[in-house]
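One-letter residues, chain by chain:
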Amino acid sequence: MRSVVLVGGGQAGAVAARTLRRRGYDGAITVLADEPHRPYQRPPLSKEYLAAADDSGLELLPEAWTTEHAIEVRTGTRAAEICAREGAVLLADGSRIPADAVLLATGARARRLPGLDGDGVFGLRTRDDADGLRERLGPGTHLVMVGGGFIGAEVASVARTRGAAVTMLEAGPVPLAQAVGARLGEACARIARANGVDVRVNTRVDGLRTGTRGLVVRTSDGDLEADVVVVGVGAEPNVELAVASGLEVGHGVLVDQYCRTSTEHVYAAGDVAEHPHGGRRVRVEHVDNATRQAAVAARNMLGEQTPYDDPHWFYSDQFGRNLQHVGHAGTHDRMVVRGDLEDESWTAFFLDDAGLVTAAFALDAGEEIAVARELISMRLGVPEHVLADRDADLFEALEEVG
Ligand SMILES: Cc1cc2nc3c(=O)[nH]c(=O)nc-3n(C[C@H](O)[C@H](O)[C@H](O)COP(=O)(O)OP(=O)(O)OC[C@H]3O[C@@H](n4cnc5c(N)ncnc54)[C@H](O)[C@@H]3O)c2cc1C
């Protein structure tokens, strides 16, 4: 293999570049990044980078490192088509780059809502989005956050620390209910409310107009004046390149457990990849998934046969609290709470019919998520009363069953 092209300057593209070099690949590596910036991390965009424009630690592939390792990062460069038979990637400017293998790491973009755009209205996906939004969040401003998901709560949290008033609109009866269930979603909403966020549920947004003082958001519950509106209603995968290249696409770019797409020598990883996991196909928008999956894809490009089947994990920092989730709960799984959902810290475990942990969600209890991750990946059972008992040592219990 003489030349690898990594399409997408995000988490997955950057990790693949690092893995290829660390595993000894010495051919050409080109990272194509359509944004004007060198590859950077996205999680800080709704947290510390939004709070203060400190970009130290944001970069994923510092220039000194890519120079030393002979990796070419081409910013402002969009791939238009993968021409697998010719062994090339066609760029939007009409030029071509030779490619013996390609990683599609094109990520996702913020979903938009019809009628919700214009000055003062933001999605939050890029560094430029965060820079524009930060300027609008300050004392005396009113943010209307459309969407009560994790990013919505993180933006609300930063806005509150910057002195803004925040109204959060959630279309369903409980924020986060689809992700973690109604009881845990309610526990998260309590934290937001305790930090001064006006969380309004069962509230649909119908449109936007300009009023005398700024924006007016039309909702099913009446009009709301706002200085700034953030639309945080999920993301859509960037599948255009895959479609143009004739790859199989479902809810994302379809890959097998080895991160291979339907076209030989073309791999996909990260937010764009729909992959097999626990008997179903999923597309996951978490940084840990992008990291691990891209590392596996890079190893398989080099001739390994490593399956990607790690439990999915994500975190969220909001209102000075840390939330972590691992696994996938089935719709009929039982929930066992360690602690009390009114406490400062708790962990909820989800168990299947066989009593095995399928997922866990924790508030300020990351070490218990680490145990849950082991239990899920090794398919080990710990008695329910031990999981529920705050005084029982979970690491000890893990050692006993492991
Ligand atoms: C604000 C925010 C906060 C987040 N917080 C968390 C968190 O707390 N915890 C967590 O687990 N996850 C979080 N995430 C999710 C996490 O950042 C993503 O899962 C991760 O960035 C996915 O990496 P990726 O490489 O697949 O895609 P991306 O990071 O989206 O990178 C893809 C890149 O490819 C570019 N591209 C697309 N098409 C082309 C093309 N044809 N040619 C060239 N370039 C192209 C895109 O413009 C983009 O720059 C957050 C995401 C956002 C936006």
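Remember, it's a predicted structure, so these values are computed and weren't measured experimentally.

S.K.: I'd like to hear about the overall build of the protein chain, residue by residue, with values.
M.R.: If you tally the helices and strands in the protein chain, you get 12 helices and 26 strands. Whereas a compact globule of 402 residues would reach a radius of gyration of roughly 21 Å, the protein chain reaches 22 Å, a difference of no more than 12%. With the principal axes as the frame, the protein chain shows a C-alpha extent of 65 × 55 × 35 Å. Across the protein chain, the fraction of contacts at a sequence separation of at least 24, relative to all contacts at a separation of at least 6, is 60%.

S.K.: With reference to specific residues and values, describe the domain arrangement of the protein chain.
M.R.: Domain boundaries assigned for the protein chain yield domain 1 (3–109 + 235–301), domain 2 (112–231) and domain 3 (320–401). Computed over C-alpha atoms, the centres of domain 1 and domain 3 are 33 Å apart.

S.K.: I'd love a proper account of the sheet that holds strand S2 (residues 28–33), names of residues and values included.
M.R.: Strands sit in the order S3-S2-S1-S7-S19 across an open sheet of five strands; the sheet is parallel. With partners counted over all chains shown, the strands left at the sheet margins are strand S3 (71–75) and strand S19 (266–268), one partner each. Strand after strand, the sheet turns through a mean of 15° between neighbouring axes, direction not considered. Where helix H9 (residues 287–301) meets the sheet, it contacts strand S1 (3–7), strand S7 (101–104) and S19, and its direction lies at approximately 165° from that of S19.

S.K.: An account of H9 is requested, with residue identities and associated values reported.
M.R.: Each α-helix turn comprises 3.6 residues. Residues three or four places apart therefore point the same way. Given a rise of 1.5 Å per residue, 15 residues ought to cover 21 Å, and the 21 Å separating the end C-alpha atoms of H9 matches this to within 8%. Counted residue by residue, H9 has 13 buried out of 15 residues, so it is predominantly covered. Following H9 by one or two positions, glycine 303 adopts a phi angle in the positive range, close to 105°.

S.K.: Outline the site of the ligand, supporting the account with residue identities and numerical values.
M.R.: Around the ligand, 37 residues are found, and the nearest of them are Gly8, Gly10, Arg42, Gly107 and Gly270. Among the elements of the structure, helix H1 (11–22), S2, H9 and strand S22 (313–318) are those that each provide at least two residues to the shell around the ligand. Partitioning the shell around the ligand into residue classes produces 17 nonpolar, 12 polar and eight charged. When residues of the shell around the ligand are sorted by domain, at least three fall in each of domain 1 (3–109 + 235–301) and domain 2 (112–231).

S.K.: Give me the lowdown on the nonpolar core, citing residues and values where you can.
M.R.: Within the largest apolar cluster, 119 residues are counted, with the highest numbers of intra-cluster contacts made by Val7, Ala16, Leu103, Leu104, Val229, Ala269 and Ala360. Apart from residues lying up to four places away in sequence, alanine 16 is in contact with Leu6, Leu103, Ala105, Ala269, Ala294, Ala297 and Ala298.

So, how was this worked out
- Residues numbered from 1 in each chain as written.
- Predicted model: local features only at pLDDT ≥ 70, side-chain atom pairs only at ≥ 80, totals over all residues.
- Helix = DSSP H or I, 4+ residues; strand = E, 2+ residues; numbered from the N terminus.
- Rg over C-alpha atoms; globule rule 2.2 N^0.38 Å.
- Contact = placed C-beta atoms within 7 Å.
- Domains from an automatic or database assignment.
- Pairing = 2+ DSSP bridges.
- Axes fitted to C-alpha atoms, helices over the stretch in contact; angles between N-to-C directions.
- Expected span 1.5 Å × (residues − 1).
- Buried ≥ 20, exposed ≤ 12 C-beta atoms within 10 Å, placed from the backbone.
- Near = placed C-beta within 6 Å.
- Nonpolar A, V, L, I, M, F, W, Y, C, P; charged D, E, K, R; others polar.
- Core = buried A, V, L, I, M, F, W, Y, C linked by C-beta atoms within 7 Å.

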